[in-house]
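These are the residues of each chain, in order.
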Amino acid sequence: MLHKVRGIVLKTTDYSESSVVVQVLTDKFGMQSYLINGVKKPKAKIKMNMLQSLHLLDMVVYHKVNTNIQRISEVRQTPVFKSIPYDVIKTSIVIFLNEVLYKSIRQQSADESLFDYIFNSIAWFDEVEEINPNFHLSFLLKLTRFLGFSPNGKRRNDQIYFDLQEGEFTSRLPIHSNYLQLDDANGFISLFNSPLEKISEIKLSNTQRRFLLDKILVFYTLHTASFGVVQSHKILETLLS
């Protein structure tokens, strides 16, 4: 049976000399793997450049329950990116976010709220002309709402530490190293709360931004099973410094 779905490309793996398996987050079926034959051939109907990191797709797919690899009938980019493939910094940000998303999203079941958040955020990022270096930080913190471990930003005056393990402010210095002092915690919560359209108002130095990115990745590691080590942020930090 054929279904119309929207998709977000997360990973493409070689399957044979001319074929690939693409892991796609879909709005209707959650994470799915699709075998695409002949995609590397010169006259292929589906081109490899449509299957890059976080490309946004409209697809017509065959879907069989309890099948590990599905098939695609038709696919097109919607919207077609205007800037991400042609801007080295935007491309690097997308590659980094793609790595974190792939390590974080495991579910086979559909979650349209999660899908819409990622889809709309990436579409917005492609549209904006000026790159805000806070985007990836804010995107990842907002994503935690949909992954089930969002930070609690409520704070009493005596609570001057943010415990990353508990995800909340505390008045006592945690006995572990996974915490933020008040100034950094305020930036962390501001990035979480501020709409993407207003993240340029959050003033952070490059040093603060690198520090917060490291702590956000710690936050993900603490709350995501088998998260592992993220590598692509090192290149990104060099480009944004």
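This is a predicted model, so every value here is computed, not measured.

Engineer: Requested: an account of the domain arrangement of the protein chain, with residues and values cited.
Structural biologist: The domains assigned to the protein chain are domain 1 (2-77) and domain 2 (88-240). Using C-alpha coordinates to define each centre, domain 1 is positioned 28 Å away from domain 2. Tallying the contact residues gives 18 residues for domain 1 and 18 residues for domain 2. Between domain 1 and domain 2, roughly 1,700 Å² of surface is buried when both sides are summed, and carbon and sulfur atoms account for 66% of that area.

Engineer: Pulling in residues and values, what's your account of the sheet that holds strand β4 (residues 56-62)?
Structural biologist: Taken together, the five strands give a closed barrel; going around it, the order is β1-β2-β3-β5-β4, and neighbouring strands pair in mixed fashion. Here the average twist between neighbouring strands, direction ignored, is 55 degrees. Relative to strand β2 (residues 20-26), strand β1 (residues 2-14) runs antiparallel, the two being bridged by seven bridges. Looking across to β2, one finds that Gly7 is bridged to Thr26. Helix α1 (residues 88-104) rests against β1 and β2 of the sheet, and its axis sits at about 105 degrees to β1. Relative to the sheet, helix α2 (residues 112-127) contacts β1, β2 and β4, its axis offset from that of β1 by approximately 70 degrees.

Engineer: I'd like to hear about the packing of α1 against helix α6 (residues 233-240), residue by residue, with values.
Structural biologist: The geometry of α1 relative to α6 is characterised by a closest axis approach of 9 Å and an angle of 150 degrees between their N-to-C directions. Classified by the angle their axes make, α1 and α6 are roughly antiparallel. Judged by the sense of rotation from one axis to the other, the crossing of α1 with α6 is left-handed. Touching Val88, Ile89, Ser92, Ile93 and Phe96 of α1 are His233, Leu236, Leu239 and Leu240, all from α6. Here the residues of the contact of α1 with α6 sort into seven nonpolar, two polar and no charged.

Engineer: For the nonpolar core, give the residues involved together with the corresponding values.
Structural biologist: Among the nonpolar cores identified, the biggest contains 54 residues, and Ile118, Phe139 and Phe188 are the most heavily contacted of them. Mapped onto this core, the elements with two or more residues apiece are β1, α1, α2, α3 (135-147), α4 (182-193), α5 (206-223) and α6. Counting the residues that make up this core, at least three belong to each of domain 1 (2-77) and domain 2 (88-240). Beyond its immediate stretch of four places on either side in the chain, Phe139 contacts Leu97, Leu101, Tyr117, Ile118, Ser121 and Ile122. With 17 residues, the next largest nonpolar core counts Val20, Val39, Ile46 and Leu51 among its residues.

Conventions used here
- Residues numbered from 1 in each chain as written.
- Predicted model: local features only at pLDDT ≥ 70, side-chain atom pairs only at ≥ 80, totals over all residues.
- Heavy atoms only, no water.
- Domains from an automatic or database assignment.
- Contact = heavy atoms within 4.5 Å.
- Buried area = accessible area lost by both parts, 1.4 Å probe.
- Pairing = 2+ DSSP bridges.
- Helix = DSSP H or I, 4+ residues; strand = E, 2+ residues; numbered from the N terminus.
- Axes fitted to C-alpha atoms, helices over the stretch in contact; angles between N-to-C directions.
- Parallel < 35°, antiparallel > 145°, perpendicular 65-115°, else oblique.
- Left-handed = near helix turned anticlockwise from the far one by under 90°.
- Nonpolar A, V, L, I, M, F, W, Y, C, P; charged D, E, K, R; others polar.
- Core = buried A, V, L, I, M, F, W, Y, C linked by side-chain atoms within 4.5 Å.
- Buried < 20%, exposed > 50% of the residue type's maximum accessible area, 1.4 Å probe, protein only.

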